[in-house]
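So you can see what is in the structure, the chains are spelled out below.
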Amino acid sequence: MEQSSSSHAASPIIRVRGLGKQFGDTEVLRNIDLDIDRSEVVCVIGPSGSGKSTLLRCIAFLEAYDAGFVHIDGMLLGYRLNDAGRTLASNKEISRVRRPLGMVFQHFHLWPHRTVLGNVTEAPRLVNGLSRRAANELGQKMLAQVGLAERAHAYPEQLSGGQKQRVAIARAMAMEPQVMLFDEPTSALDPELVGEVLNVMKRLASDGMTMMIVTHEMGFAAHVADTVVFMDQGEIVEHGPPQQVFKTPASARLQQFLETWRERSL
Ligand code: ADP
Ligand code: MG
């Protein structure tokens with residue numbers, strides 16, 4: 001039975017149990033269990049094609065999952081339970097349950113014809129009904145948090161990739177999410193622009209933001225994560241504190257993955 005969020009203050013903000021996902025005949029996620037607690041930072045690593053993006057997308061119900069469940073703040077996301085088993089929830093209900101999630105992707109998807117501030121304030125105004133003035137105030141605060149207060153009136157094309165990604169982070173933060181989901185936020189950036197985005201994310205983490213981050217930046221993951229999750233072939237193979245995952249990997253698959261990564265980064 002669903003319960004209100006207030007009675008769930010101590011439960012994980014994200015709870016995934018037995019999650020399964022297929023694309024046609026291909027099983028892409030198998031029996032995934034994952035809890036994310038408030039203020040926890042979880043980094044997800046693993047080879048290309050291992051299902052990291054699909055897991056993130058299923059958690060946000062941008063993809064419908066086939067088995068198991070995802071609870072956000074104690075509420076089932078995507079489905080309604082009934083005598084027949086389960087049926088798809090309405091779009092309205094999906095939006096409501098998804099509400100605590102903020103998302104940042106590899107590509108920024110900023111509106112090219114809106115200013116930076118316009119991009120950040122769009123959803124607070126249209127979705128949350130803030131006045132232009134209140135939204136602008138909030139937007140300026142969020143831009144200051146990502147170090148872009150002085151670029152509020154610039155257009156996206158006038159920004160570097162790193163700045164655009166910081167705007168995308170400010171835009172997500174302006175919806176006051178309880179969890180931020182990141183899918184390889186620095187993978188599309190020139191190497192010299194990666195650091196400024198990672199620094200913003202480190203700041204969010206130290207401010208207590210709950211985050212789930214798919215990343216290939218192992219140094220960053222080691223620094224910022226409370227928990228590192230290693231995925232391979234649609235499964236969580238290993239998870240634990242960064243010390244354990246990076247220093248004493250238990251499985252051959254993780255050992256192999258880290259070895260390949262070390263060879264590449266030499
Ligand atoms: P990762 O993010 O770890 O690189 P993905 O979650 O993107 O992995 O993909 C996992 C697997 O699912 C891959 O084999 C990929 O080809 C497949 N896949 C992802 N999205 C789709 C889709 N929309 N249709 C069919 N197959 C997909
Ligand atoms: Mg991916």
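None of the values given here were measured: they were computed from a predicted structure.

## Brief notes about the pairing of strand S7 (residues 85-88)
Across four bridges, strand S6 (residues 79-82) lies against S7 in antiparallel orientation. Looking at S7, one finds that Leu 81 is bridged to Arg 86. Here S6 folds back onto S7 in antiparallel fashion, the turn holding two residues.

## Description of the packing of helix H5 (residues 161-173) against helix H6 (residues 191-206)
At a minimum axis separation of 8 Å, H5 and H6 run at an interaxial angle of 20 degrees. By the angle class used here, H5 and H6 are roughly parallel. For the pair H5 and H6, the sense of crossing is right-handed. For the pair formed by H5 and H6, the contact residues are Gly 161, Gly 162, Gln 163, Gln 165, Arg 166, Ile 169 and Met 173 on the first element and Leu 193, Glu 196, Val 197, Val 200, Met 201 and Leu 204 on the second. For the contact of H5 with H6, a count of residues per class yields seven nonpolar, four polar and two charged.

## Brief notes about the sheet that holds strand S3 (residues 41-45)
Across the sheet, which stays open at both edges, the six strands sit in the order S8-S9-S10-S3-S11-S12 with mixed pairing between neighbours. Bordering the open sheet on either side are strand S8 (101-104) and strand S12 (235-240), each of which pairs with just one other strand. Within the sheet, the average angular offset between the axes of one strand and its neighbour, ignoring direction, is 20 degrees. Examined bridge by bridge, strand S11 (residues 227-232) and S12 share five bridges and lie antiparallel to one another. Counterpart to Asp 232 in the pairing with S12 is Glu 235. Packing against the sheet, H6 makes contact with S3, strand S9 (179-183) and strand S10 (210-214), and its axis sits at approximately 145 degrees to S10.

Cut-offs and rules
Residues numbered from 1 in each chain as written. Chains lettered and ligands numbered in written order. Predicted model: local features only at pLDDT ≥ 70, side-chain atom pairs only at ≥ 80, totals over all residues. Heavy atoms only, no water. Pairing = 2+ DSSP bridges. Helix = DSSP H or I, 4+ residues; strand = E, 2+ residues; numbered from the N terminus. Axes fitted to C-alpha atoms, helices over the stretch in contact; angles between N-to-C directions. Parallel < 35°, antiparallel > 145°, perpendicular 65-115°, else oblique. Left-handed = near helix turned anticlockwise from the far one by under 90°. Contact = heavy atoms within 4.5 Å. Nonpolar A, V, L, I, M, F, W, Y, C, P; charged D, E, K, R; others polar.

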